[in-house]
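Residue-level structural notes
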Amino acid sequence: AQSVAQPEDQVNVAEGNPLTVKCTYSVSGNPYLFWYVQYPNRGLQFLLKYITGDNLVKGSYGFEAEFNKSQTSFHLKKPSALVSDSALYFCAVRDMGNTDKLIFGTGTRLQVFP
Amino acid sequence: DSGVTQTPKHLITATGQRVTLRCSPRSGDLSVYWYQQSLDQGLQFLIQYYNGEERAKGNILERFSAQQFPDLHSELNLSSLELGDSALYFCASSVEDIYNEQFFGPGTRLTVL
């Protein structure tokens, strides 16, 4: 069964510092991986995806993610955090069985302090 | 704005009641997905429709049902509501392509008292 894990419930970082939100995956075959962000009282917003190709994927709002096949990881990164980046971040993998649903991690709350 | 709309935004009802949640997908998207977000279960896939037909079922209770209409909007019906059904219900839509991302609506927050 396909799954993703987000080992950190919360990540705290100072504004201006680089941030990393971790995600590891377990799939059979090639993974299709996604990052979403959820702001308070809002729906999930798509940030970026990895399907194939370059291991470094660039997305919205200055975020990027690095796909690492040997470590089965897809960590979300940003060179310089903003207070407005504070939100709940979800990693997801596309189910490659009889449905193309997204299987989500448990989420990581990012808190950026001024 | 993702282009996916959901109504109502909030719903407060009593145990045993039935409610209907509505979703309009992005223009051109044929696939609609329903997800439930709760504190204890996280984000769980409920059901998927594609162009009016049920495509896949996830962790959807028998008390819940859904349909997708010819104009592609979808409704999620929740009946015999229990306290544990209180959650945020999201609708998402996408084009028919496993490589494409799903776009999520703002959600309907259901509170069962």
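Residues numbered from 1 in each chain as written. Chains lettered and ligands numbered in written order. Predicted model: local features only at pLDDT ≥ 70, side-chain atom pairs only at ≥ 80, totals over all residues. Heavy atoms only, no water.

**Some points on the state of the cysteines**
Taken as a whole and judged by the stated rule, the model has two disulfides over all chains. Here C23(A) pairs with C91(A) through a disulfide, and the sulfurs are 2.0 Å apart. Disulfide C23(A) to C91(A): torsion about the S-S bond roughly -60°, handedness left-handed. With C23(A) in the loop between strand 3 (19–21) and strand 4 (24–26) and C91(A) in strand 10 (residues 87–94), this residue pair connects regions lying 68 residues apart in the sequence. For the residue pair C23(A) and C91(A), the accessibility class agrees, reading buried in each case. Here C23(B) pairs with C91(B) through a disulfide, and the sulfurs are 1.8 Å apart. Here the S-S torsion is close to -45°, and the disulfide linking C23(B) with C91(B) is therefore left-handed. Here C91(B) lies in strand 9 (residues 87–94) and C23(B) lies in strand 3 (residues 19–24), a separation of 68 residues in the sequence. Exposure class is identical for C23(B) and C91(B). Each is buried. (Disulfide = S-S within 2.5 Å. Helix = DSSP H or I, 4+ residues; strand = E, 2+ residues; numbered from the N terminus. Buried < 20%, exposed > 50% of the residue type's maximum accessible area, 1.4 Å probe, protein only.)

**Some remarks on the sheet that holds strand 7 (residues 64–68) of chain B**
Paired through their backbone hydrogen bonds, the strands of a sheet run either parallel or antiparallel. Residue and element names in this part refer to chain B. A sheet is described by the order of its strands in space; here four strands give the open sequence 1-3-8-7, paired in antiparallel fashion. Since the sheet does not close on itself, it has two edges, and those belong to strand 1 (5–7) and strand 7, each with one partner. Strand-to-strand twist of the sheet, defined as the mean angle between neighbouring strand axes without regard to direction, takes the value 15°. In this sheet, strand 3 lies alongside strand 1 in antiparallel orientation, the contact comprising three bridges. Paired with Q6 across the bridge in strand 3 is C23. (Pairing = 2+ DSSP bridges. Axes fitted to C-alpha atoms, helices over the stretch in contact; angles between N-to-C directions.)

**Re the interface of chain B and chain A**
Listed as interface residues are 20 residues of chain B and, on the opposing side, 20 residues of chain A. Contact with chain A buries area across many residues of chain B, yet L43(B), I98(B) and Y99(B) alone supply 31% of it, more than any other trio. The tally of links between chain B and chain A comes to one salt bridge. Where K49(A) meets E101(B), a salt bridge forms, and the shortest distance between an N and an O atom there is 2.8 Å. Linking chain B with chain A are five residue pairs in polar contact (both at pLDDT 80 or more), by the criterion used here. (Contact = heavy atoms within 4.5 Å. Buried area = accessible area lost by both parts, 1.4 Å probe. Salt bridge = Lys/Arg side-chain N within 4 Å of Asp/Glu carboxyl O. Polar contact = N/O pair within 3.5 Å; in protein donor to acceptor, adjacent residues only side chain to side chain.)

**Structural notes on the packing of aromatic side chains**
All told, the structure shown has 15 aromatic pairs over all chains when counted by the stated rule. Here the aromatic rings of F104(A) and Y35(B) are separated by 5.7 Å at their centres, their planes lie at 85°, and the arrangement is edge-to-face. Here F104(A), found in strand 11 (residues 102–104), pairs with Y35(B), found in strand 4 (residues 31–38), and the two come from separate chains. Considered together, F104(A) and Y35(B) belong to a single accessibility category, that of buried residues. In this structure an aromatic cluster arises from ring pairing among Y36(A), F46(A), F90(A), F104(A), Y33(B), Y35(B), F45(B), F90(B) and F104(B). A cation sits over an aromatic face here: K78(A) above F63(A), 5.0 Å from the ring centre. (Phe/Tyr/Trp six-rings, centres within 6.5 Å; stacked < 30°, edge-to-face > 60°. Lys NZ or Arg CZ within 6 Å of the ring centre and 35° of its normal.)

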